[in-house]
Amino acid sequence: VQLQASGGGLVQTGKSLRLSCAASGRLFSGYAMAWFRQAPDKERELVAGISTSGEKIYYKESVKGRFTVSSDNAKKTVYLQMDTLEPEDTAVYYCAVDVGYCAAYSPYYYGMKHWGTGTQVTVSS
């Protein structure tokens, strides 16, 4: 499985960006995909996650109400709509995927198996 993230950029505080993560390869009976981010000198953190079953969608507390994760299973693509961006959202954003029945119906977002290259998001104040 290969992942390609895109959509990052430089925006001002309060603006929006939409990240996309396209998966290629066999995703079998289902999958879970997640967005992580890593800011300079900080550990990588889970931002949002979604599975093909649509169950157990996850959001980091600080992005609830501002970020929306969605998926297009036919296109094997997951999106992260980021609204009302803040300087604290500045980071490299990574997408990750885990495949299989368990991933689809009981996703464990901290156990993602495949990772894509990151896309830089910079929010200026």
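Worth saying up front: this structure is predicted, and the values here are computed from it rather than measured.

Moving on, we come to the sheet that holds strand β3 (residues 17–24). As summarised here, the arrangement of the 4 strands in space is β1-β3-β8-β7, forming an open sheet in which the pairing is antiparallel. Each end of this open sheet is capped by a strand with a single partner; those strands are β1 (2–6) and β7 (67–72). Taken pair by pair, the neighbouring strands of this sheet meet at an average axis angle of 15°, ignoring direction. Examined bridge by bridge, β3 and strand β8 (residues 77–82) share 6 bridges and lie antiparallel to one another. For L17, the partnering residue across the bridge sits in β8 and is M82.

Here the focus is the packing of aromatic side chains. Enumeration over the complete set of coordinates arrives at 3 aromatic pairs. When the ring of Y108 is compared with that of Y110, the centres are 6.1 Å apart and the planes differ by 50°; the resulting orientation is tilted. Sitting over the ring of Y94, R44 keeps its end group 4.1 Å from the ring centre. In this arrangement the basic side chain of R44 is found over the ring face of W115, its NZ or CZ atom lying 4.8 Å from the centre.

Calculation notes
Residues numbered from 1 in each chain as written. Predicted model: local features only at pLDDT ≥ 70, side-chain atom pairs only at ≥ 80, totals over all residues. Heavy atoms only, no water. Pairing = 2+ DSSP bridges. Helix = DSSP H or I, 4+ residues; strand = E, 2+ residues; numbered from the N terminus. Axes fitted to C-alpha atoms, helices over the stretch in contact; angles between N-to-C directions. Phe/Tyr/Trp six-rings, centres within 6.5 Å; stacked < 30°, edge-to-face > 60°. Lys NZ or Arg CZ within 6 Å of the ring centre and 35° of its normal.

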